[in-house]
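Letter by letter, the chains look like this.
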Amino acid sequence: MKFLEELNEAQKKAATHIDGALLILAGAGSGKTKTITTRLAYLLSLGIDPASTLTLTFTNKAASEMKQRALNLIGDNISHPPLLLTFHKFGLIFLKLYIHLLNRNNNFVIIDSDDQKKILKSISSDLPPNFMSKEISKYKNSFLSPDEVYNLANEKVYKQMALIYDKYQKYLLENNLVDFDDLLLLTYQILNENKDLAKEISNKYQYIMVDEYQDTNEIQLLLLKKLCLTHSNICVVGDDDQSIYGFRGANHKNILEFEKDFNAKVIKLELNYRSTNQILKAANSLISFNKNRYDKKLISALGDGKEVEVIENFNEVAEAETIAKRIKELIQNGVSPNEIAVLYRINALSRSIEDGLRSYGINYKLVGGMKFYEREEIKDLISYLRLIVNPNDDYSFKRVVNKPRRGIGKTTLIKLEEAKKDKSFIEFIKEDDLNFISKKAAKTLKDFVQFINFLSKLPIEEIPEILEENINLSTSYKDEDKKRNVEEFYGMIREKKDLTLREFLNELSLESDQDKLSDALINVMTIHASKGLEFEHLFVIGLEEGFFPLNDADIEEERRLAYVAITRAKKELVLSYTKSRYLRGQRTHVNKSRFLTEAGLIKGKVALKESNSLKVGSLVKHKVFGTGRVIGINKAGNKKKLKIDFGGSVREILSDFVEKI
DNA sequence: TAGAAGCAGATTTTT
DNA sequence: TCTGCTTCTA
């Protein structure tokens, strides 16, 4: 087991821990992936059956990377590879096998958040789709049924939301659709309702590992508890200080309470192999202002290094120019552009820096941005494929029936919608003589349905050619990029000839974009997108109150975000702020961020104005009273007393005793 | 039906 | 300022 020798003492301790729960608190740059892949290799080298291990990640990229690294360590002397996949894919595989226990068919289709919003929009046009989608996700993640939401609602909007939620759920059931939350939720539900199955599954996966544990949500925690029903061999890795997905439902508390929840041993990895000590000093100082955290301190294995720089500029144009100049110099001095990055808190700040980079002739790539399969043209094609798989998918029908233009506009669709009643569009068009619309439109629709029907009989690899011949989608777009994307997608389909179309579609909706990394470009992205990455030379812009921190709602998460940003830097870190910034057609004067002071980079008084994000209208959970909604907030000394409506009974409770959901 | 013009709204987003 | 949606007009 040579590979153990590559680890430091703490890492080795973590990697060789076998039985019982373990929390590996892996600080930024402390060799987290190395440690857990080594642990996996170690388990396998002890003769543990790969099939009895289960490693869960959040991204496909992380899963495949870890798998590769573990296999490299162990070599090819194992019968089959260990199971490494995302939480969602695990849910998918599980539901394929067991969704019948909920009386549902396993030919369900996964919808992404975009589809979800469109469905919600069609249910209600007077609430913002983002709001609806967030609310519903909250309900699902706290196991609230539409009825329960209705009973908890104390305001009109929430009553309305309950009805929308109800309609949405019915729509999903009718069309046999599953959203991202469902993949986890239904899996949990099945395990919860079938005790024997839960035991069987738990027995099957004797060694569970979870990556990025700080990003898990409530359901994921419950799911893990089910998986650990018959044993306690769960090893989770994460860093509470890098929990930055709270707004998406991640519960920072999970990692803080793992020790208690699973009676776990804790091992801290604090030796950092990424950044110099100057950089870590700033990071440590900043994060120490957070109260809810494990105490730890990163120590550099690399020496002191260059001082962290703070630069002030008059405005965003000057800022961009200063930074572009610096980057140009770096590149001229032989630094590889892919070792340089510019980070910001919100996408809106990318514009000024892009302008600056362009005017200095620096090539950059915007990381994050629009994902390949989220693009209009790809979604169009996906809708065609979905319609082929499931002709009753009205959502997809509406999307593509007039793409390319066939002369089927809004009016025709409205007429059809009224006439078809409970039937799906395709069903109806097949059976009806359509004499209430023009002859031409009727023929077009009949032809369209026939075409879809024809496609459904083809093997997957023949679909691209026939599709392209008949609909010419790639030529109907003016944009060259779109044409290229269409071609690329056709290529992807052709490669999948050993899958059914349905399998292909489900895989696709769980796939995220693999960035084509190019060495010739510098990186420009949000801090969120930078998580897990590292750069020798790092510029973080917009360190101004109101931009970063963006607001006071969850200042600890903002601070963790700043911590993530700082710890991306290997050798050189430059933090930049301006005196005024132009945004949305308005110029505002801004003050430098408190984070600069907290990081010990500039002198100044550290303001202590903390507030938590509980507002009137927030959903909260109480250990005894369950879920309720805040209807009032009062001060009680230096604490907050909340008036909470628990589905009819109103109670006053100190904010310490409830948890926001 | 399809493009043009007018208007509100605008964090972060692993699946 | 820019985007995405609704309303207007040929």
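The text that follows walks through the structure, step by step, so that each part is easy to find.

How each quantity is defined
Residues numbered from 1 in each chain as written. Chains lettered and ligands numbered in written order. Predicted model: local features only at pLDDT ≥ 70, side-chain atom pairs only at ≥ 80, totals over all residues. Heavy atoms only, no water. Helix = DSSP H or I, 4+ residues; strand = E, 2+ residues; numbered from the N terminus. Rg over C-alpha atoms; globule rule 2.2 N^0.38 Å. Contact = heavy atoms within 4.5 Å. Near = heavy atom within 4 Å. Polar contact = N/O pair within 3.5 Å; in protein donor to acceptor, adjacent residues only side chain to side chain. Nonpolar A, V, L, I, M, F, W, Y, C, P; charged D, E, K, R; others polar. Expected span 1.5 Å × (residues − 1). Buried < 20%, exposed > 50% of the residue type's maximum accessible area, 1.4 Å probe, protein only. Pairing = 2+ DSSP bridges. Axes fitted to C-alpha atoms, helices over the stretch in contact; angles between N-to-C directions. Lys, Arg positive; Asp, Glu negative; His and termini not counted. Salt bridge = Lys/Arg side-chain N within 4 Å of Asp/Glu carboxyl O. Phe/Tyr/Trp six-rings, centres within 6.5 Å; stacked < 30°, edge-to-face > 60°. Lys NZ or Arg CZ within 6 Å of the ring centre and 35° of its normal. Patch = residues over 30% accessible without salt bridge, like charges linked within 9 Å, V, L, I, M, F, W, Y side chains within 5 Å. Areas by Shrake-Rupley, 256 points an atom, 1.4 Å probe, with all protein chains shown as cover. Charge placed at Lys NZ, Arg CZ, Asp CG, Glu CD. Core = buried A, V, L, I, M, F, W, Y, C linked by side-chain atoms within 4.5 Å. Parallel < 35°, antiparallel > 145°, perpendicular 65-115°, else oblique. Left-handed = near helix turned anticlockwise from the far one by under 90°.

**Digging into the overall build of chain A**
At step 1: Looking only at helices and strands, chain A features 27 helices and 22 strands.
At step 2: By the compact-globule yardstick of 26 Å for 661 residues, chain A fits well, its C-alpha radius of gyration being 27 Å.
At step 3: Principal-axis analysis of the C-alpha atoms gives chain A an extent of 80 × 65 × 65 Å.
At step 4: In chain A, the share of contacts with a sequence separation of at least 24, taken over all contacts with a separation of at least 6, comes to 74%.

**Regarding the protein's contact with DNA strand C**
At step 1: As a matter of local geometry, DNA strand C sits amid K121, R351, K410, Y582, R584 and G585.
At step 2: Taken together, the sugar and phosphate atoms account for 50% of what DNA strand C places within 4 Å of the protein.
At step 3: K121 places a polar side-chain atom, nitrogen or oxygen, 3.3 Å from a phosphate oxygen of DNA strand C.
At step 4: Among the residues making up the surface near DNA strand C, the classes are represented as one nonpolar, one polar and four charged.

**Concerning helix α20 (residues 439-455)**
At step 1: The end-to-end C-alpha distance of α20 is 24 Å, a good match for the 24 Å that 17 residues give at a rise of 1.5 Å each.
At step 2: Those residues of α20 that fall on the buried side of the exposure criterion are A441, A442, T444, L445, F448, V449, F451, I452 and L455.
At step 3: Against α16 (376-389), α17 (394-400), α18 (410-420), α19 (425-431) and α21 (463-471) lie the buried residues of α20.

**Comments concerning the sheet that holds strand β7 (residues 234-238)**
At step 1: Taking strand neighbours across the sheet as the criterion, the six strands line up as β3-β2-β6-β7-β1-β8 in an open arrangement whose pairing is parallel. The sheet terminates laterally at β3 (83-86) and β8 (265-269), the two strands that pair on one side only. Taking each pair of neighbouring strands and ignoring which way they run, the sheet shows an average axis angle of 15 degrees.
At step 2: Running at roughly 165 degrees to β3, helix α3 (residues 60-74) makes contact with β2 (53-57) and β3 of the sheet.

**Structural notes on helix α26 (residues 555-566)**
At step 1: The terminal C-alpha atoms of α26, which comprises twelve residues, lie 16 Å apart, in line with the 16 Å expected from a rise of 1.5 Å per residue.
At step 2: Burial analysis of α26 places twelve of its twelve residues in the buried class, the great majority of the element.
At step 3: Among the residues of α26, those classed as buried are I555, E556, E557, E558, R559, R560, L561, A562, Y563, V564, A565 and I566.

**Some details on the side chain of D181**
At step 1: Relative to the elements of secondary structure, D181 occurs in helix α9 (residues 180-193).
At step 2: Buried and unpaired, D181 has K140 as its nearest opposite-charge partner, separated by 5.9 Å.
At step 3: Within polar-contact distance, the side chain of D181 engages the side chain of S137 at 2.8 Å.
At step 4: With residues up to four places along the chain from it excluded, the contact list for D181 reads S137, K140 and N141.

**Quick look at the environment of A26**
At step 1: With respect to the helices, strands and loops of the structure, A26 is situated in strand β1 (residues 22-26).
At step 2: Contacts of A26, omitting those with residues within four sequence positions, involve K32, V237, G238, D239, Q242 and L269.

**Remarks on the packing of aromatic side chains**
At step 1: What the rule picks out here adds up to 13 aromatic pairs.
At step 2: Between F397 and F425, the ring centres sit 4.6 Å apart and the planes meet at 10 degrees, which makes this aromatic pair stacked. Of this pair, F397 sits in helix α17 while F425 is found in helix α19, placing the two residues 28 residues apart along the sequence.
At step 3: A cation sits over an aromatic face here: K96 above F108, 4.7 Å from the ring centre.
At step 4: Residue placement shows R581 over the ring face of F547; its charged tip is 5.6 Å from the ring centre.

**Points about the pattern of salt bridges**
At step 1: Taken as a whole and judged by the stated rule, the model has 39 salt bridges.
At step 2: Where K531 meets D215, a salt bridge forms, and the shortest distance between an N and an O atom there is 2.6 Å. Of this pair, K531 sits in the loop between α25 (527-530) and β15 (535-540) while D215 sits in the loop between β6 (207-210) and α11 (218-227), and the two are 316 residues apart along the sequence.
At step 3: The partner of R274 in a salt bridge is E534, and the shortest N-O contact between them spans 2.8 Å. Of this pair, R274 sits in the loop between β9 (271-272) and α13 (277-287) while E534 sits in the loop between α25 and β15; the two residues are 260 residues apart in sequence, bridging distant segments of the chain.
At step 4: Judged by relative accessible area, which is 11%, R274 ranks as buried.
At step 5: Accessibility expressed as a relative area gives 36% for E534, which makes it partly exposed.
At step 6: Residues joined by salt bridges that share partners form a network here, namely K32, D211, E212, D215 and K531.

**Observations concerning a negative patch on the surface**
At step 1: Taken together, the side chains of E461, E462, E465 and E469 present a region of like negative charge at the surface.
At step 2: Its place among the elements puts E461 in the loop between α20 and α21.

**Overview of the nonpolar core**
At step 1: Core analysis: the biggest nonpolar cluster contains 45 residues, and I208, Y213, L224, I234, F258 and F262 have the highest contact counts within it.
At step 2: At seven residues, α9 tops the list of elements feeding residues into this core.
At step 3: What F258 contacts, discounting residues up to four positions off in sequence, is A21, L22, L23, Y213, I234, V236, N263 and A264.
At step 4: Counting residues in hydrophobic clusters, the runner-up holds 44 residues, among them A441, F448, I452 and L501.

**Examining unusual backbone geometry**
At step 1: With omega at 5 degrees, the peptide bond leading from F548 into P549 counts as cis.
At step 2: For P549, the position within the fold is in the loop between β15 and α26.
At step 3: Although it is not a glycine, E212 sits at a positive phi angle of roughly 50 degrees.
At step 4: Along the polypeptide, E212 turns up in the loop between β6 and α11.
At step 5: Residues other than glycine seldom take positive phi values, yet N263 does so here, at roughly 50 degrees.
At step 6: With respect to the helices and strands, N263 occurs in the loop between α12 (252-261) and β8.
At step 7: The exposed category is assigned to N263, whose relative accessible area is 68%.

**Here we look at the packing of helix α2 (residues 32-45) against α3**
At step 1: Viewed as axis vectors pointing N to C, α2 and α3 meet at an angle of 50 degrees, and their least axial separation amounts to 8 Å. Judged by the angle between their axes, α2 and α3 are oblique. Note that α2 runs across α3; the crossing there is right-handed. Here T33, K34, I36, T37, T38, L40, A41, L44 and S45 of α2 lie close against α3, whose contacting residues are M66, R69, A70, L73 and I74.
At step 2: Its residues assigned to classes, the contact of α2 with α3 shows eight nonpolar, four polar and two charged.

**Quick word on a nonpolar patch on the surface**
At step 1: Taken together, the side chains of L271, Y273 and I299 make up a nonpolar region of the molecular surface, amounting to roughly 270 Å² of accessible area.
At step 2: Mapped onto the fold, I299 is located in strand β10 (residues 299-300).

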